[in-house]
Amino acid sequence: QVQLVESGGGLVQPGGSLRLSCAASGFTFSRSAMSWYRQAPGQEREFVASSFSAGASTNYADSVKGRFTISRDNAKNTVYLQMNSLKPEDTAAYYCNAQDERDRDYWGKGTLVTVSA
């Protein structure tokens, strides 16, 4: 059974930092592309960042480049999203996504990030 469990969300002031984690199980993590998406209230889900199975290659949305960093620990089956210099517009539910070697997509239930003074 595939599970993706996000954690680390919460309330943070503008300019602050948070680190999200996504613990994965039930599929071959090391061979899977891992991504973060987010969805703000009333908006569509949007791509944030990806870490490809080789581990060295990453991709970011323009809106988070230079502020967010995605990383993964294949030994722990966990992907992280370090978020720095947070802005109110980063407020959203953040979702972990996995795409395995057969291009099957899996989603977590999300963790809420609120950036507010």
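Check the entry above for the structure.
Nothing here was measured: the structure is a model prediction, and the numbers come from that model.

### A look at the overall build of the protein
Okay, step 1: Along its length, the protein carries zero helices and 11 strands.
Okay, step 2: Taken from N to C terminus, the helices and strands of the protein fall in the order β-β-β-β-β-β-β-β-β-β-β.
Okay, step 3: At 13 Å, the protein has a C-alpha radius of gyration in line with the 13 Å of a compact globule built from 117 residues.
Okay, step 4: The buried share of the protein, taken over its 117 residues, is 42%.
Okay, step 5: The contacts in the protein between residues at least 6 apart in sequence include a share of 52% that link residues at least 24 apart.
Okay, step 6: Carbon together with sulfur atoms contributes 43% to the accessible area of the protein, which is approximately 6200 Å² in total.
Okay, step 7: Across the protein, 12 positive and 11 negative side-chain charges occur, with their mean positions spaced 5 Å apart.

### So, the environment of Gln 13
Okay, step 1: Structurally, Gln 13 is set in the loop between strand 2 (10-12) and strand 3 (18-25).
Okay, step 2: In this structure, Gln 13 is in contact with Val 115 and Ser 116, ignoring residues within four places of it in sequence.

### Here's the deal with the pattern of salt bridges
Okay, step 1: Counted by the stated rule, this structure contains five salt bridges.
Okay, step 2: In this structure, the salt-bridge partner of Lys 65 is Asp 62, at a minimum N-O distance of 3.2 Å.
Okay, step 3: Given a relative accessible area of 64%, Asp 62 falls into the exposed group.
Okay, step 4: Among the ionic pairs, Arg 104 bridges to Asp 100, the shortest N-O distance being 2.8 Å.
Okay, step 5: For Arg 104, a relative accessible area of 40% puts it in the partly exposed group.
Okay, step 6: Its relative accessible area of 4% is what places Asp 100 among the buried residues.

### Brief notes about the side chain of Arg 67
Okay, step 1: Relative to the assigned elements, Arg 67 resides in the loop between strand 6 (58-60) and strand 7 (68-73).
Okay, step 2: Take Arg 67: its relative accessible area is 10%, and that puts it in the buried class.
Okay, step 3: At 2.9 Å, the side chain of Arg 67 forms a polar contact with the backbone oxygen of Ser 63.
Okay, step 4: A polar atom in the side chain of Arg 67 sits 2.7 Å from the side chain of Asp 90.
Okay, step 5: Non-local contacts of Arg 67, meaning those with residues more than four positions away in its chain, are made with Gln 82, Met 83, Asn 84, Ser 85, Leu 86, Lys 87 and Asp 90.

Reading guide: rules and limits
Residues numbered from 1 in each chain as written. Predicted model: local features only at pLDDT ≥ 70, side-chain atom pairs only at ≥ 80, totals over all residues. Heavy atoms only, no water. Helix = DSSP H or I, 4+ residues; strand = E, 2+ residues; numbered from the N terminus. Rg over C-alpha atoms; globule rule 2.2 N^0.38 Å. Buried < 20%, exposed > 50% of the residue type's maximum accessible area, 1.4 Å probe, protein only. Contact = heavy atoms within 4.5 Å. Areas by Shrake-Rupley, 256 points an atom, 1.4 Å probe, with all protein chains shown as cover. Lys, Arg positive; Asp, Glu negative; His and termini not counted. Charge placed at Lys NZ, Arg CZ, Asp CG, Glu CD. Salt bridge = Lys/Arg side-chain N within 4 Å of Asp/Glu carboxyl O. Polar contact = N/O pair within 3.5 Å; in protein donor to acceptor, adjacent residues only side chain to side chain.

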